Amino acid sequence: MGIVQSTFWGCYGYNIKDPFVFGVNMIGVTLFTIYMNMLFYINDQKKNYLMINIPLLILFIIAITILGELLNLYLAVIVACMWQSATVPTMKMALAKKDCSFVNILLCYVSFANFIVWILYGIMIGTYLMAFQNTVSASFMMMNIYIYFWATGVIKNDDDCGINLLRKMLRVDNSDSYYNQEDIATKKIGLMKGVDETTLRI
């Protein structure tokens, strides 16, 4: 979704003749494309080059030639909000297991700073939907950072720090078997084979 979001924002920048919005997002499209193709190359999935790159090229051509300023803006906001909401399962997992070992906190800091810059720039140029979208994105990132502080012990009191509120908002239940499916499945397999739990953990 990142490359699609950058495409719409870049084309919106082209529509309103803003070299900053256009340039930054075209750099984003380029970096996303390089990253994606490198993954295909490393994983020996060269057949996906055309399957992914051609539709993205067609999307870019349509966005920059057919879609107007407002459509590019609305689509950029919608895709960007959807992209950030994709972090919800990760946050739920972290809250349930109190484990943020899979979170890159430096990337969270940089992303949060990036969103703040875009909020200010959106207000400056009068594109309030840009400011709104980046406010939503910054809120998601703040929640990620907050949960990281709690999981790593920087914030110690569950009741007073808002973690319980986040649990309710995201509908997280520590006893929910959804987050323990792998452990439960492993135990069941072990019991079927006559292997005790201690052996399974080794």
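Counting of residues starts from 1 at the beginning of each chain's written sequence and follows it residue by residue. Thresholds applied to this predicted model are a pLDDT of at least 70 for local features of residues and 80 or more for the giving and counting of side-chain atom pairs; totals over whole chains, interfaces and linings are not thresholded and use all residues. Processing note: side-chain calculations cover all non-hydrogen atoms of the structure and skip hydrogens and water entirely.

**Student:** Just checking my understanding: could you explain the overall build of the protein chain for this structure?
**Tutor:** Here a helix means four or more residues in a row that DSSP labels H or I, a strand means two or more in a row labelled E, and each is numbered from the N terminus. Broken down by element type, the protein chain carries 10 helices and zero strands. Going from N to C terminus, the protein chain has its helices and strands arranged as α-α-α-α-α-α-α-α-α-α. Think of it in three bands: residues with accessible area under 20% of the maximum for their type are buried, residues over 50% are exposed, and the middle band is partly exposed, with areas taken using a 1.4 Å probe on protein chains only. Relative to its full complement of 202 residues, the protein chain shows a buried share of 36%. Any pair of residues with heavy atoms lying within 4.5 Å of one another is described as a contacting pair. Taking all contacts inside the protein chain whose residues are at least 6 apart in sequence as the whole, residues at least 24 apart take part in 64%. Only the protein chains shown count as cover for residues, and all accessible areas are computed by the Shrake-Rupley method using a 1.4 Å probe. Accessible area for the protein chain stands at about 12,600 Å²; split by element, carbon and sulfur atoms hold 67% of it.

**Student:** Looking at this model, I keep getting lost on a nonpolar patch on the surface. Mind explaining?
**Tutor:** A residue counts toward a patch only above 30% relative accessible area and without a salt bridge, and it is joined to like-charged neighbours within 9 Å or, for Val, Leu, Ile, Met, Phe, Trp and Tyr, to nonpolar neighbours within 5 Å. Here, a salt bridge means any Lys or Arg side-chain nitrogen found within 4 Å of an Asp or Glu carboxyl oxygen. Taken together, the side chains of Ile-27, Leu-31, Ile-34, Met-38, Tyr-41 and Ile-42 make up a nonpolar region of the molecular surface, amounting to roughly 640 Å² of accessible area. In this structure, Ile-42 sits in helix α2 (residues 19–42).

**Student:** Is there a simple way to think about the nonpolar core in this case?
**Tutor:** Soluble globular proteins: nonpolar side chains tend toward being buried together. Take the buried Ala, Val, Leu, Ile, Met, Phe, Trp, Tyr and Cys residues and link them wherever side-chain atoms come within 4.5 Å; each set so joined is a nonpolar core. Core analysis: the largest hydrophobic core is formed by 24 residues, its most contacted members being Met-91, Leu-95, Cys-100, Cys-108, Ile-147, Trp-150 and Leu-166. Going through the elements one at a time, α5 (88–97), α6 (105–125), α7 (128–151) and α8 (163–169) are the ones with two or more residues in this core. Not counting residues up to four positions away in its chain, the partners in contact with Leu-166 are Leu-95, Met-143, Tyr-146 and Ile-147. Core analysis: the next-biggest nonpolar cluster, separate from the first, contains 17 residues, Cys-11, Ala-63, Ala-76 and Val-79 among them.

**Student:** Is there a simple way to think about the packing of helix α1 (residues 2–15) against α2 in this case?
**Tutor:** Angle between the axes and distance between the axes are the two parameters that describe a pair of packed helices. One can describe the packing of α1 onto α2 by two numbers: an axis separation of 8 Å at closest approach and a directional angle of 155 degrees. It follows that α1 is roughly antiparallel to α2 by the angle criterion. The chirality of how α1 crosses α2 is left-handed. For the pair α1 and α2, the contacting residues are Gly-2, Ile-3, Ser-6, Thr-7, Trp-9, Gly-10, Gly-13 and Tyr-14 in the first and Val-21, Phe-22, Asn-25, Met-26, Gly-28, Val-29, Phe-32, Thr-33 and Met-36 in the second. For this scheme, ten residues count as nonpolar: Ala, Val, Leu, Ile, Met, Phe, Trp, Tyr, Cys and Pro. Four count as charged, namely Asp, Glu, Lys and Arg, and the remainder, Gly too, count as polar. Looking at side-chain class alone, the contact of α1 with α2 contains nine nonpolar, eight polar and no charged residues. To get an axis, fit a line to the C-alpha atoms, keeping to the stretch in contact for a helix; angles then go from 0 to 180 degrees between the N-to-C directions. In these notes the angle categories are as follows: under 35 degrees is roughly parallel, over 145 is roughly antiparallel, 65 to 115 is roughly perpendicular, and the rest is oblique. Take the far helix as the reference: if the near one is turned anticlockwise from it by less than a right angle, the crossing is left-handed, and if turned clockwise, right-handed.

**Student:** What is the right way to read the side chain of Ser-137 from this model?
**Tutor:** Within the secondary structure, Ser-137 is located in helix α7. Here Ser-137 is in contact with Gln-84 and Phe-115, once residues within four sequence places are set aside.

**Student:** Sorry, what's going on with the packing of aromatic side chains here?
**Tutor:** The description of an aromatic ring pair rests on the distance of the ring centres and on the angle between the ring planes. Any two rings among Phe, Tyr and Trp, with Trp reduced to its six-membered ring, count as a pair given centres within 6.5 Å; such a pair is stacked if its planes are under 30 degrees apart, edge-to-face if over 60, and tilted if neither. All told, the structure shown has six aromatic pairs when counted by the stated rule. Taken together, a centroid distance of 5.3 Å and an interplanar angle of 35 degrees make the contact between Phe-20 and Trp-118 tilted. Here the residue Phe-20 occupies a position in helix α2, and Trp-118 occupies one in helix α6, the gap between them amounting to 98 residues. Residue Trp-118 is classed as buried on the basis of its relative accessible area, which comes to 10%. Aromatic ring contacts, followed pair by pair, group Phe-20, Trp-118 and Tyr-121 into a single cluster.

**Student:** It is not clear to me how the confidence of the model for the protein chain should be interpreted in this structure. Could you clarify?
**Tutor:** Should the pLDDT be low somewhere, the predicted coordinates at that spot are not to be read in detail. Residues with a pLDDT of 70 or more make up 78% of the protein chain, whose mean pLDDT is 76. pLDDT expresses, on a scale from 0 to 100, how confident the predictor is about each individual residue. Helix α10 (residues 197–201) is the least confidently modelled element of the protein chain, averaging 41 in pLDDT, while α6 averages 91, the highest of any element. In the model, residues 176–202 has pLDDT below 50 throughout and makes 14 contacts with residues more than four positions away in sequence or in other chains.

**Student:** Can you help me understand helix α4 (residues 69–85) in this one?
**Tutor:** In an α-helix there are 3.6 residues to a turn, and that puts residues three or four apart on one side. The span one expects for a helix is its residue count, reduced by one, times 1.5 Å. In this model α4 runs 25 Å from its N-terminal to its C-terminal C-alpha over 17 residues, within 8% of the 24 Å that 1.5 Å per residue would give. Listed in full, the buried residues belonging to α4 are Asn-72, Leu-73, Ala-76, Val-77, Val-79, Ala-80, Cys-81 and Gln-84.

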